[in-house]
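Notes for the structure review
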Amino acid sequence: MPRVRPFRAVRYNLERAGRLEDVLAPPYDVIGPDLQDRLYRRSPQNIIRLELGRTFPGDGPQVNRYTRAAALYRRWRATGILQVEAEPTFYLYAQRYRVHGEARLTWGWVVAAQVEEPGSGHFLPHEATLPGPKADRLALWSETRAIFSQIFGLYHAPGPEEEALARRVMAAPPLETYTDDEGVEHRVWALAPGADVTWLEARLGPQQVVLADGHHRFETALTLAQGPLGSLPGAGWVPIWLVNTALSPVTVLPTHRVLWAADGAPSWASLWKRVQERFTVEPLDGPGAPGQGGTREAWPVPADARSIHLLGPDGTAWRLRPQSDEGDLAVMLLHRVLLDPILQEAAGTQAQGAERWLRFTHDAAQAWKWLSEGQGVAAFLLPAMDGEDVRRAAATLGRLPQKSTYFYPKVPSGLIIYDLEERLG
């Protein structure tokens, strides 16, 4: 049985919806309240109204942001704001962007992939998940019967034929193109049904895929397939962007942790005592106490893959190194040795503790800002990883803690929509 299949994407009809720059949005899990408001104001057809709708007083089981999204999605389909492709196929999606002054092009194939229990076969997870986001996505998809963004997966398969196919496809005018607020250019091509699709289906089907971004959505798709909506034509499959790391570079930014100063969180004194018991600590020169002008440049992230930088609320900064020769990545070491025991003691389970007492950011300056505002007990700055780090960790070490990586750029919501009621190819 094939592991990937073509599908009929639902896309914006720009003659009715307007520019893609006005109607697309980042993934739901990186959108804060301010950005949500800006996207609402940007266009009445912005995908934010489906992907991350507003809540209102009086919302309940019968009327809520999920039911409103479902009604709006059906209206946009009926009025032609959104339209479905005539034939099922695969899509090539590419991002052109700059990181640290370097121009990069990341490309891969958007396909429907058969879901399975992560780690049991073709799909390897690299991060643990939290229950809240999965419940949220399940409620949205159950009402709308559509998935508005792609999961992101990595595989490694050298070979000139696949790159030659991609270059040939990208030489043609794209189906969609737009530039987002961060200056990232996004482009989409549809493969002509026929020999290329057949060859790619055989090429991708047996690959082992590391789930890079979208673990919650992958697990939610499995839950949906096992529930009352499992008989829908598109259930049991999920839209995924597959990138071959042997042919295309992948950018991974570090995801830092802030231990939030919420009720029940340990004090800085008790945390510092645990740190000294579990790590070798070295002082770092810093800009002084929080609120005195600290910047990201003053607090560089670690270059060593096993080193951690700890920022305290009193302006102190420390390099933490493991006391043993275990080969864990820094994020695994931090959680196993220090954070997970704290979270489990405080909340009963690690997952519940993480949802309550951890905040995540890929921006060291943001972590420092939270400390300077008194919102955090401490910040932990982690080193960046590359795609190979993530792939190797998933294959040999198992799952990393929640939000261990930040893949950049993000795949936008609304560019390629997967309708669960449409049949696959």
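See the structure above.
The structure displayed is predicted, hence computed values, not measured ones.

1. Notes on the pairing of strand β5 (residues 102-114)
Where burial is concerned, most of β5 is hidden: 10 out of the 13 residues are buried. Taken together, the 2 bridges between strand β1 (residues 4-5) and β5 define a ladder with antiparallel strand orientation. Each bridged residue has a counterpart across the sheet, and for Arg-5 the counterpart in β5 is Ala-112. Pairing analysis gives 9 bridges linking strand β4 (residues 91-99) to β5, with the strands arranged antiparallel. Note that in β5 the partner of Tyr-93 across the bridge is Gly-108. Linkage of β4 to β5, two consecutive antiparallel strands, is achieved through a turn of 2 residues, within which His-100 is found at a positive phi near 50 degrees. Summarising the sheet, β5 and strand β12 (residues 237-244) pair through 6 bridges and their orientation is antiparallel. Among the inter-strand pairings, Ala-112 is bridged to a residue of β12, identified as Pro-239.

2. Describing helix α9 (residues 215-225)
Counting buried positions along α9 gives 9 out of 11 residues, so the element sits mostly inside the fold. Those residues of α9 that fall on the buried side of the exposure criterion are His-215, His-216, Arg-217, Phe-218, Glu-219, Thr-220, Ala-221, Leu-222 and Leu-224. Contact partners of the buried residues in α9: β6 (123-125), α6 (131-144), β8 (151-155), β11 (209-213) and β12.

3. Remarks on the packing of helix α5 (residues 65-79) against α6
Interhelical geometry of α5 versus α6 gives an angle of 35 degrees and a closest axis separation of 8 Å. In this structure, α5 crosses over α6, and the sense of that crossing is right-handed. Counting all contacts with α5, which are made through Arg-65, Tyr-66, Thr-67, Ala-69, Ala-70, Tyr-73 and Arg-74, the residues of α6 involved are Asp-136, Ala-139, Leu-140, Glu-143 and Thr-144.

4. Things to note about the side chain of Gln-150
With respect to the helices and strands, Gln-150 occurs in the loop between β7 (146-147) and β8. Within the local environment of Gln-150, its side chain forms a polar contact with the backbone oxygen of Ile-416, the two atoms lying 2.4 Å apart. If we skip the residues at most four places from it in the chain, Gln-150 touches Val-110, Arg-217, Pro-239, Ile-240, Trp-241, Val-411 and Ile-416.

5. What to know about the sheet that holds strand β16 (residues 308-311)
Here we have 6 strands laid out as an open sheet, ordered β15-β17-β16-β19-β14-β18, and antiparallel in their pairing. Whereas interior strands pair on both sides, the edge strands pair on one side only; in this sheet they are β15 (279-283) and β18 (358-361). Across this sheet, the average inter-strand angle for adjacent strands is 25 degrees, counted without regard to direction. Pairing between β15 and strand β17 (residues 317-322): 5 bridges, direction antiparallel.

6. What about the environment of Pro-131?
With respect to the secondary-structure elements, Pro-131 resides in helix α6. Remark: the alpha-carbon pair of Pro-131 and Thr-220, spanning 89 residues in sequence, is separated by 9.9 Å. When neighbours within four sequence positions are excluded, Pro-131 is seen to be in contact with Ala-351 and Glu-355.

7. Side note on the environment of Gly-264
As for its placement among the helices and strands, Gly-264 is situated in the loop between β14 (256-260) and α10 (268-278). Sequence separation between Gly-264 and Glu-277 is 13 residues; the distance between their C-alpha atoms is 21 Å. When near neighbours in sequence (up to four residues on either side) are disregarded, Gly-264 contacts Ala-346 and Trp-357.

8. Considering the nonpolar core
Generally speaking, soluble globular proteins have nonpolar side chains that are buried together. Residues Phe-7, Tyr-12, Leu-50, Leu-92, Trp-107, Trp-109 and Ile-240 are the most contacted members of the largest nonpolar core, which totals 92 residues. When sequence neighbours within four positions are dropped, the list of residues in contact with Phe-7 reads Glu-87, Pro-88, Thr-89, Tyr-91, Val-110, Val-111, Ala-112, Ile-416, Ile-417, Tyr-418 and Leu-424. Counting 33 residues, the second-largest nonpolar core is a separate cluster that includes Ile-308, Val-337, Ile-342 and Phe-360.

9. Considerations on helix α8 (residues 195-204)
Those residues of α8 not exposed but buried are Val-197, Leu-200, Arg-203 and Leu-204. Around the axis of α8, the buried residues are gathered within 125 degrees of arc, so they sit on the same side. Exposed residues lying more than 90 degrees from the buried face of α8 are Ala-195, Thr-198 and Ala-202. For α8, the elements touching its buried residues are β1, β5, β8, α7 (160-170) and β12.

10. Notes on the pattern of salt bridges
Scanning the entire structure with this criterion turns up 28 salt bridges. Lys-369 is paired through a salt bridge with Glu-373; the nearest N and O atoms lie 2.5 Å apart. The exposure class assigned to Lys-369 is partly exposed, which follows from its relative accessible area of 40%. The class of Glu-373 is partly exposed, set by a relative accessible area of 42%. The network of salt bridges with common partners includes Arg-8, Arg-77, Asp-419 and Glu-422.

Cut-offs applied
- Sequence positions are assigned chain by chain, starting from 1 and proceeding in written order.
- Confidence filtering applies because this is a predicted model: local features only for residues at pLDDT of at least 70, side-chain atom pairs given and counted only at 80 or more, and all residues used for totals across whole chains, interfaces and linings.
- Water and hydrogen atoms play no part in the side-chain values, which are based on all heavy atoms of the structure.
- Per-residue accessibility, obtained with a 1.4 Å probe over protein chains only, is compared with the maximum for each type, and a residue is labelled buried under 20%, exposed over 50%, and partly exposed between these values.
- The way it works is that DSSP assigns letters per residue, a run of H or I at least four long becomes a helix, a run of E at least two long becomes a strand, and they are numbered from the N terminus.
- At least two bridges found by DSSP between two strands is the condition for calling them paired.
- For this analysis, residues touch if any pair of their heavy atoms sits within 4.5 Å.
- Geometry is summarised by axes, namely lines fitted to C-alpha atoms with helices restricted to the contacting stretch, and by angles between N-to-C directions that run from 0 to 180 degrees.
- Should the near helix be turned counterclockwise from the far one by less than a right angle, the crossing is left-handed, whereas a clockwise turn marks it as right-handed.
- Whenever a nitrogen or oxygen atom comes within 3.5 Å of another N or O atom, the pair is scored as a polar contact, on the condition that within protein one atom can donate a hydrogen and the other can accept it, and that pairs from neighbouring residues in sequence are kept only if both atoms are in side chains.
- Put simply, a nonpolar core is a bunch of buried Ala, Val, Leu, Ile, Met, Phe, Trp, Tyr and Cys residues held in one set by side-chain atoms that sit within 4.5 Å of each other.
- Taken from the helix axis, the directions to the C-beta atoms give the arc we talk about.
- Here a salt bridge means any side-chain nitrogen of Lys or Arg lying within 4 Å of a carboxyl oxygen belonging to Asp or Glu.

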